[in-house]
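# Overview (structure and organization)
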Amino acid sequence: MSLEAKGMLKHYLEQRLLAGETHVGVRPGTLERMQGGRRPASMSPGPVGRAPQGRASMVAEEAPPTRPAQPMMTTKSFLESTAPVAAATTRTMSGGSAATGRAPAGVKLAAAAAARIEVTGETKAEKLAALASIAEKSPEARALGTLRETMVFAVGNPEAQILFIGEAPGFEEERQQEPFVGPAGQKLTGILKAMGLERRDVYISNICKFRPAMEGNQGTSNRAPNDAEMASCLPYVLTEISIIQPKVIVALGGVACKGLGIGEGVMRLRGRFYDVQGIPTMVTYHPSYILREEKLAGGGIRAKRECWEDMMKVMEKAGMPINDKQRGYFQK
Ligand code: URA
């Protein structure tokens, strides 16, 4: 098993545990391959279904406790069995993210995940202002030559309990130098209203602080940031998180999810909390996706309902009350 695979396995198990999955199915031989023949006492064969012998795998597959497809063991004991190897792996891969054990989405992102910016200031607002002026210069971002000039840092309450992270500013955000003020922003503002919040109650940021540039006359066109562009801004975003220390982070869409090192595939990852710098982070749809779905037959009801379910989990995690009217949205 490669060093990278061991790091990924540790990350996977931590996320499953955070998501409340207490058991995983483990293919025969997996632990032996990882640990040179040592089999932990806590591993017991499951009642049914073993994978065919000799089918090599380092992936701990999810299996519901009632119908296990693999021999079962607790997620925690598997994690403990793998931790000593995997922790070293993570350190080797990212040069510093071993403390959180997060597996990076890409090599550039992994390197950026290790970096933090030192800022001075008495209050959170002062520290954020200091960070914004450092980000404005951002030699890493500017050296790429693929991001536009104007920085759009963030907006909202430095004391917020909830921090939303999107992709990157678009045309309207660049023009107004404020995140989420275009059509997707109006949708986000609507979601906040349903939660009983206003924009000034939360903190809204982007995984990339500059509008990604396009060939020729860009006009109002926008594109998602690539790994290198996200990596150039990631130290600012991670420092922002450590200054604000919100109760909950919301990753809006697959790009933010990847940039934060959670993984790829918003459809698969949404609806659960993941650990980003020790802060529970909910993955949900980007408001633009909901806007696109609304134009299709069905009016985007599924996407809106699922997003609302995610937001109720966020409200609970943030300690916000949820009234009957809110619980009743999307119920037939
Ligand atoms: N989409 C984003 O992800 N961020 C913005 O600021 C605007 C649109």
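Keep in mind that what you see is a predicted model, and the values were worked out from it rather than measured. (Residues numbered from 1 in each chain as written. Predicted model: local features only at pLDDT ≥ 70, side-chain atom pairs only at ≥ 80, totals over all residues. Heavy atoms only, no water.)

## Comments concerning the overall build of the protein chain
Rules: In DSSP terms, a helix is any run of H or I states spanning at least four residues, a strand is any run of E spanning at least two, and both are numbered starting from the N terminus. Type-normalised accessible area, obtained with a 1.4 Å probe on protein chains alone, sets the label of each residue: buried when under 20%, exposed when over 50%, and partly exposed for intermediate values. We call two residues in contact whenever any of their non-hydrogen atoms come within 4.5 Å of each other. Using a 1.4 Å probe, accessible areas were evaluated by the Shrake-Rupley method; residue-level cover was limited to the displayed protein chains.
Per the secondary structure count, the protein chain includes 14 helices and 10 strands. Every one of the 332 residues in the protein chain was classed for burial, and the buried ones make up 50%. For the protein chain, the share of sequence-separated contacts (at least 6 apart) that also reach a separation of at least 24 residues comes to 72%. As displayed, the protein chain has an accessible area near 15,400 Å², and 54% of this comes from carbon and sulfur atoms.

## Side note on the side chain of T239
Summarising the element assignment, T239 is placed in helix 9 (residues 227-244). On the accessibility criterion, T239 (2% relative accessible area) is buried.

## Looking at the pairing of strand 9 (residues 273-276)
For clarity, the threshold we go by: The pairing criterion is simple: DSSP has to find at least two bridges between the two strands.
Sheet topology note: the strand 9/strand 10 (residues 279-284) ladder contains four bridges and is antiparallel. Each bridged residue has a counterpart across the sheet, and for V276 the counterpart in strand 10 is I279. The loop that links strand 9 with its antiparallel partner strand 10 comprises two residues; one of these, Q277, has a positive phi angle of about 55°.

## Overview of the sheet that holds strand 9
Inclusion rule: Comment: axis = line fitted to C-alpha atoms, over the contacting stretch for helices; angle = value between 0 and 180 degrees taken between N-to-C directions.
The strand order across the open sheet built from six strands is 4-6-5-8-10-9, with neighbouring strands paired in mixed fashion. The outermost strands of the open sheet, each flanked by one partner alone, are strand 4 (154-156) and strand 9. Taking the axes of each pair of neighbouring strands and ignoring which way they run, one obtains an average angle of 25° across the sheet. Across three bridges, the pairing between strand 4 and strand 6 (residues 203-206) is antiparallel. Pairing of G156 across the sheet is with Y203, part of strand 6.

## Quick look at the confidence of the model for the protein chain
What counts is decided by this rule: A residue's pLDDT is the predictor's confidence in that residue, given on a scale from 0 to 100.
Averaged over all residues, the pLDDT of the protein chain is 79; the fraction at 70 or higher stands at 67%. Note on residues 15-20: pLDDT under 50 across the span, and 15 contacts to partners over four residues away in sequence or across chains. Under a pLDDT of 50 for its full length, residues 82-105 has, in the predicted model, 51 contacts with residues more than four places off or in other chains.

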